[in-house]
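Residues per chain, in single letters:
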Amino acid sequence: MADQQSLFSDLPAFSDRFMRDHAGQIVTEPRTALLELIANAYDAGATHIQVRWPSEKGEDFSVSDNGTGMTKDEFKVRWQTLCYHRNKYQGMEVVFPKGVRKSLKRMALGQNGKGRHAPFCFADKYNVKTTKDGTCIAVEVSLGNNSDRPFTLELLDESPKPKGHGTVVTATVERKLLDEEEVRQLIGSKFLVDPSLRISVNGKDVELMALDGLATTQIDVLDGETVTVHFIDSVEHYRTARLRGITWWVNQRMVGEPSWDQLDAEGAYLDGRTEQAKRFSFVVEANCLKPEVKADWTAFHATKNVNAVRDAVHEHVLTNLRSKLATNRKEKKKAALQNSRQLLGDLPTISKRAIGKFIDEVQEKCPTLTSRDLSRTVQVLAKLEQTRSGYDLLKELASCSADDLDTWNTLMQQWTASNAEVVLNELQKRLTLIDRMDALVESPLADELHDLQPLFERGLWIFGPEYEAVDFRSNRGLSEIIGKFLGGADYKPPIRRPDFVVLPELSIGTYCADSYDAAGEISGIRKVAILELKKGGFCVTQDEADQARNYCKEIRQSGRVQADTEIVAYVLGAKLEQGLETFTMGNITVIPTIYQTILRKAHQRTLGLHEKLKTAQPVDASDAEVEEVLKSDPGPTLFSDDEPTEDVA
């Protein structure tokens, strides 16, 4: 039993990866490490932080502050305790050294003490010299060289120092050296929102107005008064949103704490967990509100003037955030729409626009909503829009003019809703068909040419009233005859649409109507229509017309039709050879024509309603992102139902 117990009696071992796993970016990302060093000084109550930064590797850097410093016992507890609990031992409110004004208040940035490992990002060891209560200690902190401990502490010196307080951290930069100007911008964009803190880099103060990404705006408030709003887009987001949000200054003093809490207390501008909340800051210089500041400088009194200024700033901040977040939210919106792409495609424009607007409002009012929840919300709304078909009759009638209401009244007296629906649906189909033809008829792309043939199959009515008959249909057998005639014994009908012939420069479809005897029985084929569609830009010549005549003769000789069967061949191209005309030979007619002529006939046969509707009705613009998603390649869905996905801020 004793031997079994001794197996587990040793202390836990630490691998060489422990520090990286424990402290994360604090020891791997130099920008985060540098911000942690400044944050430690900030939490120590410093009002002045001096950074000495080298220009080359192998030189020393140091961060000095005039904060409270640490006694030897305090240093030992804070440095040797893994996952040190700041709130438990020190509280979250910063303690300032003696001599700092009592009204100055800060909330600490640190929580678990991991920031003390930041120098390990640049070197394997560093020195700490800290002074408090008349004593100065110097300690060397090194990465552990065995598995017993992740790092070691060695007391180098302990001596009396009657005056002074604060801490100096020093190390030799062995890796991950940052540029001095980047250091200046990085520190300033995070910490200069607190005017009680002065920071210098290599002896030169970091100033708010010298920061990159700073935008300053004057806002008119009250009667002739103005406030100045500085917007800071930092070069790097910090791990927390503290010292981010809206900071109020009065006479170069901070009122309260920086926060993203909305000024009217109805919610938040940004979720503090998002990347943007850790990057953006607004500093509001409102000296006109000096009489409204509470005695302890924790907030403003609730007065009419304060509310007026807050409302003006509130509007300015929201406008800026909408602009800055537009791209991020647009991508998140399109990702949510992609999951409901099929549902959206069947909805009318008004419903698509409503869904697009809904997503915009949800993202603005609910910034914490995850991508998964946003996607599911879109699906629910799309299904609701499907059930109401996108048209709210009462809403539409309420928006009608008096003349329109009279017209609706007349229509409803003469038509039943069902009859009107049949007529309008058929008309809508034909107008949509014309739109699609117009976009494809002159395209030089072969795929578009093949897509055009099915459109003409549904649009035979364009060629004349007789083609309205329901018995005109595609005839695969006759198409195969033409295919074999053109391609010989090696011809293979296309897999995609075997009822018409597809060759590189043309597409041919064959349609027929049955003939009937006196008893009403089918007695053969009454008429055959051949449509030969040429690629966009193609000029139809006499050779193409003669070829079409040969198709007709081949069909006649095949024995599939009677001697009196009428055969008409339409050869369509972008233009015609000069002098080329329709010709007839017995029961065979060949009609060369151009696409634009056919489209003009289509408009004529729909009474020109296509253009009339364009001018008579207001444009019902859809949502831009909805349309972009519907036109794009469907691709994979964003989420699967059984695999959880974390939201990315």
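Every value quoted in this text rests on a predicted model; they were computed, and no experiment measured them.

So what exactly am I meant to see when it comes to the overall build of the protein here?
Per the secondary structure count, the protein includes 20 helices and 22 strands. Scored against the burial criterion, the 649 residues of the protein give a buried share of 44%. Considering only contacts within the protein whose residues lie at least 6 apart along the sequence, 67% involve residues at least 24 apart.

Got a minute to help me understand the side chain of D43 in this structure?
With respect to the element layout, D43 can be found in helix 4 (residues 30–43). Judged by its relative accessible area of 9%, D43 falls in the buried class. One polar contact links the side chain of D43 to the main-chain amide nitrogen of L109, over a distance of 2.8 Å. Setting aside residues no more than four positions away along its own chain, D43 makes contact with R86, V94, A108, L109 and G110.

I'm lost on the sheet that holds strand 2 (residues 60–65) in this one. Help?
Reading across the sheet, the eight strands line up as 5-4-3-6-2-1-7-8 and stay open at both edges, with mixed pairing between neighbours. Whereas interior strands pair on both sides, the edge strands pair on one side only; in this sheet they are strand 5 (151–160) and strand 8 (204–205). Here eight bridges tie strand 3 (residues 125–132) to strand 4 (residues 135–143), and the two strands are oriented antiparallel to one another. Counterpart to K125 in the pairing with strand 4 is S142.

Explain the sheet that holds strand 10 (residues 225–233) here, please?
Sheet strands associate in pairs through backbone hydrogen bonding, adopting either a parallel or an antiparallel arrangement. Here five strands make up an open sheet; going across it, the order is 9-10-13-11-12 and the pairing mixed. Two strands lie at the open edges of the sheet, namely strand 9 (214–221) and strand 12 (253–259), each paired on one side alone. Between one strand and the next, the sheet's axes are offset by a mean angle of 20°, whatever the strand orientation. Bridging between strand 11 (residues 245–250) and strand 12 involves four bridges; their strand directions are antiparallel. By the bridge assignment for strand 12, W249 is matched with M254.

Where do I start with helix 18 (residues 595–605) in this structure?
An α-helical turn contains 3.6 residues, so any two residues separated by three or four positions project in the same direction. Every buried residue of helix 18 is accounted for by Y595, I598, L599 and A602. Each buried residue of helix 18 sits inside an arc of 100° when the element is viewed along its axis, so together they form one side. In helix 18, those exposed residues whose orientation departs by more than 90 degrees from the buried face are R600 and Q604.

Cut-offs used in this document
- Residues numbered from 1 in each chain as written.
- Predicted model: local features only at pLDDT ≥ 70, side-chain atom pairs only at ≥ 80, totals over all residues.
- Heavy atoms only, no water.
- Helix = DSSP H or I, 4+ residues; strand = E, 2+ residues; numbered from the N terminus.
- Buried < 20%, exposed > 50% of the residue type's maximum accessible area, 1.4 Å probe, protein only.
- Contact = heavy atoms within 4.5 Å.
- Polar contact = N/O pair within 3.5 Å; in protein donor to acceptor, adjacent residues only side chain to side chain.
- Pairing = 2+ DSSP bridges.
- Axes fitted to C-alpha atoms, helices over the stretch in contact; angles between N-to-C directions.
- Arc of directions from axis to C-beta.

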